[in-house]
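Reading the structure
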Amino acid sequence: MHFVNNFSCLGRKLKIQSRCADSVVYIMWTKCSLANEMDAPSCVFCDIAKGKSKTILEADSEGFVIFRNIKPAAPNHYLIVPKQHYDSLMVLDESHITMVRNMEKEMQDFFASKGISTKDAIFGFHYPPLISVEHLHMHGIAPRSKMSFAFQITYKPSTPWFKTTQDALLCLRTKEKGSPP
């Protein structure tokens, strides 16, 4: 059984979704942002992308910025953030596949420019509700072998809470906007 209702509240769309599985009902509330909602009043990543923060930008392109994670899981832990505001993977759909591919390519190119090997690296996204900032961001972490046990769990590929880029792309190819992977 799959049930979805859309509501509007203070200019934001809310999607309520529930699924029944083994007699357990899981309900997920997800804010759905408009793509150009870059002026979200409390979005720290929007401020960083606009240069309104003391965060040092490691790279700045037309569509993305890259900066160090403030709580690194490994010696090289960077975030790539789109300049346009998207809350998370939950608000993306098939039309965003190129953007997600470009995020990974720019992060890989950035790693190469810094001499960081991608052989022992991971690139991916946390999945709501386990995200710290409601602004789409991809983690680039290397070397994975230097991560603590706790971080290995936090960034474990193909889990309900962390999606590699390939997981995210597969999800976007096969889902409707706002639905879980």
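Residues numbered from 1 in each chain as written. Predicted model: local features only at pLDDT ≥ 70, side-chain atom pairs only at ≥ 80, totals over all residues. Heavy atoms only, no water.

Examining the confidence of the model for the protein
With 74% of its residues at a pLDDT of 70 or more, the protein has an overall mean of 80. Note that pLDDT drops below 50 for residues 1-40; the model gives that stretch 82 contacts with residues more than four away or on any other chain. (pLDDT = per-residue confidence, 0-100. Contact = heavy atoms within 4.5 Å.)

Some points on the sheet that holds strand S8 (residues 138-142)
The strand order across the open sheet built from 6 strands is S4-S5-S6-S8-S7-S9, with neighbouring strands paired in antiparallel fashion. Across the chains shown, the open sheet's two edge strands, defined by having one partner strand only, are strand S4 (57-60) and strand S9 (162-164). Here the strands of the sheet are splayed against their neighbours by 30° on average, with no regard to which way each runs. Bridge count for strand S6 (residues 76-82) against S8 is 5 bridges, and the pairing is antiparallel. Residue Leu 79 lies in a different strand from S8, and its bridge partner there is His 139. Against the sheet, helix H2 (residues 97-113) makes contact with S4, strand S5 (64-68), S6, strand S7 (122-126) and S8, and its axis sits at roughly 145° relative to S6, the strand it touches most. The sheet contacts of helix H4 (residues 165-174) involve S7, S8 and S9, and relative to S9 the element is tilted by about 90°. (Pairing = 2+ DSSP bridges. Helix = DSSP H or I, 4+ residues; strand = E, 2+ residues; numbered from the N terminus. Axes fitted to C-alpha atoms, helices over the stretch in contact; angles between N-to-C directions.)

A word on the UniProt feature "active site" (unreviewed entry) in the protein
Per the UniProt record, "active site" (unreviewed entry) is found at His 137. Within the element layout of this structure, His 137 appears in the loop between S7 and S8. Those residues within four positions of His 137 in sequence are excluded, and the remaining contacts are Phe 45, Leu 79, Ile 80, Val 81, Met 103, Gly 124 and Phe 125. At 2.6 Å, the side chain of His 137 forms a polar contact with the backbone oxygen of His 135. (UniProt positions renumbered as here; feature names shortened; annotations may be inferred. Polar contact = N/O pair within 3.5 Å; in protein donor to acceptor, adjacent residues only side chain to side chain.)

Observations concerning the environment of Val 133
Turning to its location among the elements, Val 133 is positioned in the loop between S7 and S8. Residue classification places Val 133 among the buried residues on the basis of a relative accessible area of 18%. Leaving out residues up to four positions away in the same chain, Val 133 has contacts with Val 44, Phe 45 and Asp 87. (Buried < 20%, exposed > 50% of the residue type's maximum accessible area, 1.4 Å probe, protein only.)

Section: the pattern of salt bridges
Applying the stated criterion to the full structure yields 3 salt bridges. A salt bridge links Lys 83 to Asp 60, with the shortest nitrogen-to-oxygen separation between them at 2.7 Å. One end of the pair, Lys 83, is in the loop between S6 and H2; the other, Asp 60, is in strand S4, and 23 residues separate them in sequence. By relative accessible area, Asp 60 is classed as partly exposed at 49%. Between Lys 105 and Asp 109 there is a salt bridge whose closest N-O contact spans 2.9 Å. Here the residue Lys 105 and the residue Asp 109 both occupy positions in helix H2, the gap between them amounting to 4 residues, near one helical turn. (Salt bridge = Lys/Arg side-chain N within 4 Å of Asp/Glu carboxyl O.)

A closer look at the state of the cysteines
On inspection of all chains with the given rule, the structure shows 0 disulfides. Unpaired in this structure, Cys 43 has its nearest cysteine sulfur neighbour in Cys 46, at a distance of 3.5 Å. (Disulfide = S-S within 2.5 Å.)

Here we look at the side chain of Thr 159
Residue position: Thr 159 is located in the loop between helix H3 (149-154) and S9. Overall, Thr 159 belongs to the buried group, its relative accessible area being 7%. Within the local environment of Thr 159, its side chain forms a polar contact with the backbone nitrogen of Phe 162, the two atoms lying 3.1 Å apart.

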